[in-house]
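As a plain string of letters, each chain reads:
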Amino acid sequence: MRKNQCFSPLTNALRKCYLIFLCAIIGIFMPLYAKEQIYLMPYEQQDALRDLINSIKQANDSIDIAIYSFTNREIAKALRDASSKGVKINIIYDMGQKTTSNSTIGYLEKFANIHTCLLEGNPAKKGKYKGIMHHKMIIVDNKLIGLGSANWSKNAFENNYESLYFTDNKEIIQKANNYYQKMLSSCTPFIIH
């Protein structure tokens, strides 16, 4: 018999304890590490657009979006398809998008399960103008959030220096969702004329 083939009962017990301890440590600390991905455009434009569209396609229940400017037809079609599967979609656009001719707001508003609305920022202190709703955010099934600088336009994904960051960190998603619900409650519904 080889020396390594035979272990004493004490050695086996220690190995089992070590494995149990190791599994417990992994089980405790693994949830602290969220899955994260950042895309830096224009260098990672195809990957960024692909993952954004895939996150929309994989939605099962809900998609909440706040977007300043949204003209990308490929993303709009993915949202249309998700809504046809029964996914509930809310999209907050900046108030200025109401009159932008190539905005997706009018196209998406006509589909079942898609609710679009408009939001503007607070009045300036001297009251001469109002702020804008400048977010670029998507929350999918309250399990994934995407944030960044990129508007959802062809130019942002292909030509601009932009970022798009995804995480499944529960605390970040909860904080963003609470904030999103406040914005949504202040929205003006978009009405197609």
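Fair warning: this is a prediction, and the values are worked out from it, not measured in the lab.

Caption draft 1: Representation of the overall build of the protein chain within the structure. Secondary structure summary: the protein chain contains six helices and nine strands in total. Within the protein chain, contacts between residues at least 6 apart in sequence are counted, and of these 72% link residues at least 24 apart.

Caption draft 2: How the structure looks around the packing of helix H2 (residues 45–57) against helix H3 (residues 73–84). Running from amino to carboxyl end, H2 crosses H3 at an angle of 15 degrees, the nearest separation of the two axes being 9 Å. Classified by the angle their axes make, H2 and H3 are roughly parallel. Where H2 crosses over H3, the handedness of that crossing is right-handed. From H2, Leu-49, Leu-52, Ile-53 and Ile-56 reach across to H3, where they touch Glu-74, Ile-75, Ala-78, Leu-79 and Ala-82. The residue inventory of the contact of H2 with H3, partitioned by class, reads eight nonpolar, no polar and one charged.

Caption draft 3: Region of the structure containing the packing of aromatic side chains. On inspection of all chains with the given rule, the structure shows five aromatic pairs. Judged by centre distance (5.2 Å) and plane angle (80 degrees), the ring pair of Phe-70 and Trp-152 falls under edge-to-face. In this pair, Phe-70 sits in the loop between strand S2 (62–67) and H3 while Trp-152 sits in the loop between strand S7 (144–148) and helix H5 (154–158), placing the two residues 82 residues apart along the sequence. Per residue, the accessibility class of Phe-70 equals that of Trp-152, and both read buried. Ring geometry for Tyr-107 versus Phe-111: centroids 5.1 Å apart, planes at 75 degrees, classification edge-to-face. Of the residues examined, Phe-111 reaches a relative accessible area of 24% and is grouped as partly exposed. Ring pairing ties together the aromatic residues Phe-70, Tyr-93 and Trp-152, which thus form one cluster.

Caption draft 4: Molecular detail of unusual backbone geometry. Look at the link from Met-41 to Pro-42: it is a cis peptide, with omega at 15 degrees. Even without being glycine, Asp-141 reaches a positive phi, approximately 55 degrees. Within the element layout of this structure, Asp-141 appears in the loop between strand S6 (136–140) and S7. We classify Asp-141 as buried; its relative accessible area is 14%.

Caption draft 5: Spatial organisation of the state of the cysteines. Tallied over the entire structure, the rule returns one disulfide. Note that Cys-117 is cross-linked by a disulfide to Cys-187, the S-S spacing being 2.3 Å. In this structure, the disulfide formed by Cys-117 and Cys-187 twists by about 55 degrees around the S-S bond and is classed as right-handed. Pair noted here: Cys-117 is in strand S4 (residues 114–123) and Cys-187 is in the loop between helix H6 (170–185) and strand S9 (188–189), with a separation of 70 residues, a long-range link. Look at Cys-187 and you get buried, because its relative accessible area is 14%.

Scoring rules and cut-offs
Residues numbered from 1 in each chain as written. Predicted model: local features only at pLDDT ≥ 70, side-chain atom pairs only at ≥ 80, totals over all residues. Heavy atoms only, no water. Helix = DSSP H or I, 4+ residues; strand = E, 2+ residues; numbered from the N terminus. Contact = heavy atoms within 4.5 Å. Axes fitted to C-alpha atoms, helices over the stretch in contact; angles between N-to-C directions. Parallel < 35°, antiparallel > 145°, perpendicular 65-115°, else oblique. Left-handed = near helix turned anticlockwise from the far one by under 90°. Nonpolar A, V, L, I, M, F, W, Y, C, P; charged D, E, K, R; others polar. Phe/Tyr/Trp six-rings, centres within 6.5 Å; stacked < 30°, edge-to-face > 60°. Buried < 20%, exposed > 50% of the residue type's maximum accessible area, 1.4 Å probe, protein only. Disulfide = S-S within 2.5 Å.

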